[in-house]
Amino acid sequence: MAQKIHPCTYFSSYFRYQPSNRICPYLSGVIILWRHFHAQVSWPGIREWEQMRNKWPEFPSAVGCIDVTPHEIQIPSTEPQREFYSGHRHFHLLNTQLICDNEGHIRFLQTGFLGRMHDSQTFRLMEPVGPGRALDLPVGVVLLADKGYPDHPPLLTPFRQAQIRRMRNNRERRTARKFNFELSRKRVKVEHIFKHLKDYKCTTFIWRHPRWMLPMVIELCIFLTERHISLFEEI
């Protein structure tokens, strides 16, 4: 009778990686794939970012977008539940920060942020972005963000309603609303990426496995999303 071989054995052979016998077989598969595909997402150099200027006539200095996507988890049984609960979304979750360029390619991700944190809080905790920082950008370029983010370089956010109400006349208000509309249109690129990411059901259904596994699984799904975009899509 033929011996049944676990799929991870094929993974190990094909990708030339031998996981420890102590690791769960399914986690071994995730680790093998993560090691193979993690290079799909990389941060461009200064020259490459410079070449992305002027791709969007309405925002010539914008080279990409930043946004957060949530991943629902089971209610924690030992940790304080309020740390993971989002009052905005009304469920327990972990957040992922994602940056894409203005051509629709994923350039950075960081996952595992607590559900209680707002976009601006997770932005302050992630790898620093900007000229001369860990995620280096040329001077003067910006990333488009929604109103949940801090309104300072290297981010460009929409006008808040309170700012629009304080404007002196209707002409200024119309200009501000048009600015917000165009910014929202350009940020559709990152929304399309999230749509592709949700093809992997583990990113949309409640995560019912050990929570420490979730960040690695989410990262792998994002790597595979970028591979799909690179091979088949023009977002």
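We now turn to the structure provided with this report. (Residues numbered from 1 in each chain as written. Predicted model: local features only at pLDDT ≥ 70, side-chain atom pairs only at ≥ 80, totals over all residues. Heavy atoms only, no water.)

## Looking at the environment of Pro 76
Spelled out, the test is: Put simply, DSSP marks the helices as runs of H or I at least four residues long and the strands as runs of E at least two long, and each gets a number from the N terminus on. Contacts were defined at the residue level, with two residues in contact if any of their heavy atoms lie within 4.5 Å.
By the secondary structure assignment, Pro 76 is in the loop between strand E1 (62-72) and strand E2 (85-86). Residue contacts for Pro 76: discarding those within four places in its chain leaves Gln 81, Phe 84, His 92 and Arg 211.

## Quick notes on the environment of His 152
On the secondary structure map, His 152 appears in the loop between strand E5 (142-144) and strand E6 (155-156). Distance from His 152 to Val 142, taken between C-alpha atoms, is 9.4 Å for residues 10 residues apart in sequence.

## Remarks on the packing of aromatic side chains
What counts here: Only Phe, Tyr and Trp rings take part, Trp by its six-membered ring, and two of them pair if their centres are within 6.5 Å. Stacked means planes under 30 degrees apart, edge-to-face means over 60, and tilted covers everything else.
Applying the stated rule across the entire model yields 6 aromatic pairs. With a centroid separation of 5.2 Å and an interplanar angle of 70°, the aromatic rings of Phe 159 and Phe 179 are classed as edge-to-face. Here Phe 159, found in the loop between E6 and helix H5 (161-165), pairs with Phe 179, found in helix H6 (residues 170-186); they are 20 residues apart in sequence, far enough to count as distant. Grouping aromatic residues by their ring pairs yields a cluster made of Trp 43, Trp 49 and Phe 108.

## Considering the pattern of salt bridges
Defined as follows: Any carboxyl oxygen of Asp or Glu that lies within 4 Å of a side-chain nitrogen of Lys or Arg is treated as forming a salt bridge with it. For every residue, the accessible area (1.4 Å probe, protein chains only) is compared with the maximum for its type, and the residue is labelled buried under 20%, exposed over 50%, or partly exposed between those bounds.
In the structure shown here, the tally under the stated rule is 12 salt bridges. Of the charged contacts, one joins Lys 55 and Glu 103 as a salt bridge, the two residues approaching to 2.6 Å between their closest N and O atoms. In this pair, Lys 55 sits in the loop between helix H3 (46-50) and E1 while Glu 103 sits in the loop between strand E3 (91-101) and strand E4 (106-114), placing the two residues 48 residues apart along the sequence. The partner of Arg 107 in a salt bridge is Asp 101, and the shortest N-O contact between them spans 2.8 Å. For the pair Arg 107 and Asp 101, a shared accessibility class is recorded, and that class is buried.

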